[in-house]
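Here is how the chains run, residue by residue.
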Amino acid sequence: MTANTANEASTASTATGGLPGSERGGTSVVLQDLTRHFGATRALDGLSIDMAPGELVALLGPSGCGKTTALRIVAGFETADAGEVLIDGKDISHVPAARRDMGMVFQSYSLFPNMSALDNVAFGLRMRKVGTGSRRKKAAELLDMVGLAPQSGQFPHQLSGGQQQRVALARALAIEPRVLLLDEPLSALDAKVRLQLREQIRTLQQRLGTTTLFVTHDQEEALSMADRVGVMSNGRLEQIAAPDELYADPATAFVAEFVGIMNRLPASLEGGDRVTVLGSTVPVRAASQVAELSGKPVDVLVRPEGLRLEVAENGNGIVTTRTFLGSVTRVGVLLDGDVALQADKPSSEAASLPPGASVSVTLPPEPVHVAARKVSE
Amino acid sequence: MAALGGIAPRGVRSTAWRWIVLIVTGVYFLLPLWAALRFAGIKAFGSVVSEDGFTSSLALSLRLAVITTVITIALMLPTAVYVHLRLPRLRRLMEGITILPIVIPPVVLIVGVLAIAPSFLKSSSLLLALLYVVLAMPFAYRALDAGLRALDLKTITEASQSLGASWGSTLWRVILPNLRTALLSATVLTVAMVLGEFTMASLDLYQTFPVWIYVNSQTSGQVSVAASMLALIVTWLVLLAITVLGTRQSRKTGGGTVTLFTVARQETRGD
C-alpha cells in the first residue's frame with residue numbers, strides 16, 4: 001500500500017467508521033444567551049438551550065419567532081450579535097460553516113442538480129478527501145438506509161419531493177455530522193409522505209444517536225418526533241419540555257394556547273391567584289405572570305378534556321356539533337353569552353349529547369391558565 | 001355533420017399556418033444568401049483563403065474572442081454570484097449599470113478610451129479586448145443573471161458549505177456546473193459580438209475579420225461576400241456544436257435544450 005493510499009484509507013475509516021447502523025456517543029450542544037437583530041427587529045432575545053448528546057430537540061413556534069435564525073446560527077450561516085454556541089463545551093461561534101461538521105436538511109429541495117443521488121450523498125465525503133471507492137460504497141449504504149438504493153443513479157429532477165428529501169437526509173448523515181440540523185424538511189411534502197419521512201428520520205436519528213435540532217411550525221411533527229420541544233415566541237424560549245409535559249403542564253398562556261386545542265372562557269380575576277369562571281372559583285396557574293392583568297378583562301384557558309359536560313335541563317349551554325374521534329367524541333357547545341367551546345367526552349357517553357341538547361358545562365377545581373381577553377374581530 | 005363539412009379542423013389550420021410562417025421566414029433569410037452566393041460565385045470561395053490578410057485578420061478576431069470571453073466570464077461570474085448571494089437588493093442597479101454599454105455608442109467609448117489610455121495599452125490589441133469586455137458586459141451579465149435566478153443559489157451554496165466545501169469548491173463543483181447553460185449562452189453571445197464588431201476595431205486601426213471584409217469589399221466585392229458567407233457558416237457551425245454539447249449535458253440534469261434563446265427561457269423560469 002502506498003503512503004497515499006494508506007492516507008486515503010485512514011481518512012475513509014475516520015469518516016465512515018462504524019456507520020451506518022452503529023451506536024455513537026453523540027455531541028452536546030449548548031445555545032447560550034443568543035441574541036440577534038435584523039435592523040429594528042429582534043429575531044432572538046437571549047435564547048438558551050442545553051441539548052444532551054443524542055437528543056432530538058424541536059424548536060416550535062409561529063412564523064417569525066426566531067426558530068430558523070437560531071438554527072442558522074448553529075449551522076454557521078448567521079452570526080449572533082451576542083451569546084455563544086458550544087459544541088461539546090467548545091465555543092464554535094467563530095468557526096466557519098464548512099468546518100462545523102453539521103449535517104443540514106433544508107426546507108427547499110437542496111440537492112445539487114448536476115449530480116446523481118449517489119454523487120450528492122458522496123459530496124461531503126469527497127470534500128473530506130475520502131477515496132472514490134470508499135465514498136461510493138458509503139453513499140450507496142446510506143441510500144439503501146433511506147430506501148433509495150434503486151434510485152442512486154437518478155438526478156434530482158427525476159426524483160419526487162419525498163425522495164429528494166430522503167437523499168438530502170442521507171447526504172447530511174454521510175459525513176457523520178456531530179449535529180444534525182433539520183430546517184422544516186417536511187413542510188413541502190404531502191401529508192402521507194410527510195408522515196413516512198417523519199418516522200424514518202426519528203428511527204435513523206435514534207439508531208445513529210446524532211444530536212439533532214429540528215425546526216418546525218407543525219406542532220404534531222414536533223410533539224411526535226422530539227425528545228423535548230422548545231416553544232418560541234418573539235425570539236424568546238417560552239418553555240422547553242418533553243412533549244407530554246408541554247401539553248399537560250404549559251408554563252405560559254402562549255404555550256398553553258399554541259400547543260394543542262384550547263378553549264377561551266371569559267372570567268374575572270379574584271385577587272391575584274384565583275379566578276371565577278362558569279360560576280365557580282378556581283386557582284390560577286403561574287399566578288406571578290397574571291399580576292399585570294389585575295383589573296383587566298381576562299379569559300381562562302381550558303383544554304377540551306379539562307371540562308365537565310353533563311346533560312341538564314336548564315344548563316348553561318346547547319350542544320351544536322358532535323365529532324367522533326375514536327375513543328372520545330368532541331362536543332361543540334354554545335354557552336350563554338355566545339361563547340363557543342369544545343369539550344371531550346368518552347364516546348360511550350356521548351350518545352346522550354345530540355346537537356340541540358341542553359348541557360351544563362363546569363370546571364374541575366384545578367389550577368387554570370389565565371390570559372388577557374382576546375377581542376374578537 | 002354536413003354543416004361542418006367545409007371547415008377545416010383547428011389542428012389542420014394551425015399546422016398550415018406554421019408552414020406558411022416557416023416558408024415566409026425561410027425565404028426572407030435564405031433569399032439574400034442565395035443572391036450573395038450567385039453574386040460571389042463558387043470560385044470566389046476558393047480564392048478567399050489565399051487572399052492577403054484573411055488568415056491574420058481571422059486569427060486576430062478569434063484571439064480577441066477568446067481573450068474577451070475569458071476576461072468577461074472571469075469578471076462577470078463572481079460579480080453575478082456575489083450580487084445574488086450577498087447583495088440581492090443591488091440586482092436592479094447592476095442590471096442598469098451593465099446595460100450602459102448598449103446606451104453609449106461604441107464610437108464614444110473608443111474615442112474616449114483612446115484619449116486617456118496609457119501608451120503601452122494603445123499599442124496592444126489587448127486594449128481592444130478590454131473594450132470588447134465592456135461591450136459584452138450586458139449580454140454576459142444578463143445570461144449569467146438569468147441562469148442564477150433559475151437556481152436556488154442560496155440553498156445549494158449553504159448545503160455545499162454545510163458538507164464541508166470551501167468557497168472555491170462550492171463555486172467550482174456546485175455553482176459552475178449548474179450554470180453551464182448560462183455560461184454557454186454568455187460565451188456564444190460574447191464570441192458572436194466580438195466576431196462581428198466593426199466600429200471600435202476600425203477606429204483603433206486593427207484589421208479584425210469584419211474590418212478585413214470591409215476593406216476587401218472596396219477592391220473585390222465577390223471575395224468579400226464569399227468571406228462574409230464563410231464567416232456565417234463557421235459561426236453557425238460553432239453555435240450548432242455548442243447547442244449539441246450543451247444539450248447533451250443539460251438533458252441529463254433536467255435543464256432542457258441549450259440554444260441562444262435559452263437566456264429568454266431561463267429568465268421566465270427564474271422568477
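Residues numbered from 1 in each chain as written. Chains lettered and ligands numbered in written order. Predicted model: local features only at pLDDT ≥ 70, side-chain atom pairs only at ≥ 80, totals over all residues.

### Details of the overall build of chain B
On a plain count of helices and strands, chain B comes out with 13 helices and 0 strands. Secondary structure elements of chain B, listed N to C terminal, follow the sequence α-α-α-α-α-α-α-α-α-α-α-α-α. A buried classification covers 34% of the 271 residues belonging to chain B. (Helix = DSSP H or I, 4+ residues; strand = E, 2+ residues; numbered from the N terminus. Buried ≥ 20, exposed ≤ 12 C-beta atoms within 10 Å, placed from the backbone.)

### Considerations on the overall build of chain A
Looking only at helices and strands, chain A has 9 helices and 20 strands in total. When each of the 377 residues of chain A is scored for burial, the buried share is 45%. Partitioning the intrachain contacts of chain A with sequence separation of at least 6 by distance along the chain shows that 67% fall at a separation of at least 24. (Contact = placed C-beta atoms within 7 Å.)

### Observations regarding the sheet that holds strand 13 (residues 280-283) of chain A
Residues and elements named next belong to chain A. Reading across the sheet, the 5 strands line up as 13-12-11-14-20 and stay open at both edges, with antiparallel pairing between neighbours. The open sheet terminates on both sides in strands that have one partner only, identified here as strand 13 and strand 20 (369-372). Ignoring which end each strand starts from, the neighbouring axes of this sheet average 45 degrees apart. (Pairing = 2+ DSSP bridges. Axes fitted to C-alpha atoms, helices over the stretch in contact; angles between N-to-C directions.)

### Examining the interface of chain B and chain A
Contacts between the two partners involve 18 residues from chain B, matched on the other side by 21 residues from chain A. Of all elements in the fold, only helix 7 (153-162) and helix 8 (167-178) of chain B reach the threshold of two or more residues within the side of chain B that touches chain A. By residue number, the principal contributor to the side of chain B that touches chain A is helix 7 of chain B, which donates 6 residues. For the side of chain B that touches chain A, the class distribution of residues is 6 nonpolar, 9 polar and 3 charged. (Nonpolar A, V, L, I, M, F, W, Y, C, P; charged D, E, K, R; others polar.)

### Structural notes on the pairing of strand 17 (residues 328-335) of chain A
Residues and elements named next belong to chain A. As judged from the 7 bridges shared by strand 16 (residues 317-324) and strand 17, these two strands associate in the antiparallel manner. By the bridge assignment for strand 17, Thr 323 is matched with Arg 330. Connecting strand 16 to the next strand, strand 17, in antiparallel fashion are 3 residues, including Gly 326 with a positive phi near 105 degrees. The pairing of strand 17 with strand 18 (residues 339-346) spans 8 bridges and is classified as antiparallel. What sits directly across from Leu 334, in strand 18, is Ala 340. Hairpin connection, strand 17 to strand 18: the antiparallel pair is bridged by 3 residues, and Gly 337 has positive phi, about 90 degrees.

### Things to note about the environment of Leu 353 of chain A
Residues and elements named next belong to chain A. If you trace the backbone, Leu 353 turns up in the loop between strand 18 and strand 19 (358-362). Leu 353 sits 191 residues away from Gly 162 along the chain, and the two C-alpha atoms are 43 Å apart. Leaving out residues up to four positions away in the same chain, Leu 353 has contacts with Val 311, Val 319, Arg 322, Val 331, Lys 345 and Val 359.

### Observations regarding the confidence of the model for chain B
Predicted coordinates in regions of low pLDDT should not be interpreted in detail. The predicted model of chain B averages 83 in pLDDT, with 87% of residues at 70 or higher. When the criterion is pLDDT under 50, residues 260-271 of chain B qualifies, and its contacts beyond four places in sequence or with other chains add up to 19 contacts. (pLDDT = per-residue confidence, 0-100.)

### Concerning the pairing of strand 16 of chain A
The pairing of strand 16 of chain A with strand 19 of chain A spans 2 bridges and is antiparallel. Along strand 19 of chain A, the bridge assignment pairs Ile 318 of chain A with Ser 358 of chain A.

### Notes on the packing of helix 4 (residues 132-145) of chain A against helix 5 (residues 161-174) of chain A
Residue and element names in this part refer to chain A. Viewed as axis vectors pointing N to C, helix 4 and helix 5 meet at an angle of 135 degrees, and their least axial separation amounts to 9 Å. Comparing the axis directions of helix 4 and helix 5 gives the class oblique. Remark: the crossing between helix 4 and helix 5 carries right-handed chirality. Contacts from Lys 138, Ala 139, Leu 142, Leu 143 and Met 145 in helix 4 reach Ala 170, Leu 173 and Ala 174 in helix 5. Here the contact of helix 4 with helix 5 is built from residues that sort into 7 nonpolar, no polar and 1 charged. (Parallel < 35°, antiparallel > 145°, perpendicular 65-115°, else oblique. Left-handed = near helix turned anticlockwise from the far one by under 90°.)

### Comments concerning the nonpolar core
Formed by 164 residues in total, the largest nonpolar core has its most connected members in Val 370 of chain A together with Leu 144 of chain B. No other element matches the 16 residues that helix 6 (residues 126-149) of chain B contributes to this core. Three or more residues apiece are contributed to this core by two domains, here domain 1 (20-248) and domain 2 (263-372) of chain A. When neighbours within four sequence positions are excluded, Leu 144 of chain B is seen to be in contact with Met 76, Leu 77, Ala 80, Leu 179, Ala 182 and Ala 186 of chain B. (Core = buried A, V, L, I, M, F, W, Y, C linked by C-beta atoms within 7 Å. Domains from an automatic or database assignment.)

### Considering the packing of helix 3 (residues 91-103) of chain B against helix 6 of chain B
Residue and element names in this part refer to chain B. It is the contact of helix 3 with helix 6, at a shortest axis distance of 8 Å, that shows an interaxial angle of 130 degrees. The angle between helix 3 and helix 6 falls in the class oblique. The two elements helix 3 and helix 6 cross, and the hand of that crossing is left-handed. In this structure, helix 3 uses Thr 98, Ile 99, Pro 101 and Ile 102 to contact helix 6, whose residues at the interface are Val 134, Leu 135, Met 137, Pro 138 and Tyr 141. Grouping the amino acids of the contact of helix 3 with helix 6 by side-chain chemistry returns 8 nonpolar, 1 polar and no charged.

### What about the sheet that holds strand 7 (residues 179-183) of chain A?
All names here are of chain A. Read across the sheet, 6 strands follow the order 6-7-8-3-9-10 without closing on themselves; strand pairing throughout is mixed. Across the chains shown, the open sheet's two edge strands, defined by having one partner strand only, are strand 6 (102-105) and strand 10 (236-241). Sheet twist, expressed as the average angle between the axes of neighbouring strands with direction ignored, equals 20 degrees. Note: strand 9 (residues 228-233) against strand 10, 5 bridges, orientation antiparallel. Looking at strand 10, one finds that Val 229 is bridged to Ala 241. Here helix 5 sits on the sheet in contact with strand 6 and strand 7, set at roughly 175 degrees to strand 6.

### A few points about helix 7 of chain B
Helix 7 of chain B sits mainly inside the fold: 8 of its 10 residues count as buried. Residues of helix 7 of chain B that are buried include every one of Leu 153, Ile 156, Thr 157, Glu 158, Ala 159, Ser 160, Gln 161 and Ser 162 of chain B, and no others.

### What to know about unusual backbone geometry
Residues apart from glycine generally show negative phi values, whereas peptide bonds are mostly found in trans. All names here are of chain A. One non-glycine residue, Glu 184, adopts positive backbone phi at about 45 degrees. Tracing the chain through its elements places Glu 184 in the loop between strand 7 and helix 6 (191-208). The exposure class assigned to Glu 184 is partly exposed, which follows from the 19 C-beta atoms found within 10 Å. Positive phi is not limited to glycine here, since Asn 234 has a value of about 50 degrees. Looking at the secondary structure, you find Asn 234 in the loop between strand 9 and strand 10. Judged by C-beta crowding, with 16 C-beta atoms within 10 Å, Asn 234 ranks as partly exposed.

### What to know about the environment of Gly 147 of chain B
Residue and element names in this part refer to chain B. Within the fold, Gly 147 resides in helix 6. The exposure class assigned to Gly 147 is buried, which follows from the 29 C-beta atoms found within 10 Å. Taking the C-alpha atoms as reference points, Gly 147 and Asp 204, separated by 57 residues in sequence, lie 34 Å from one another.

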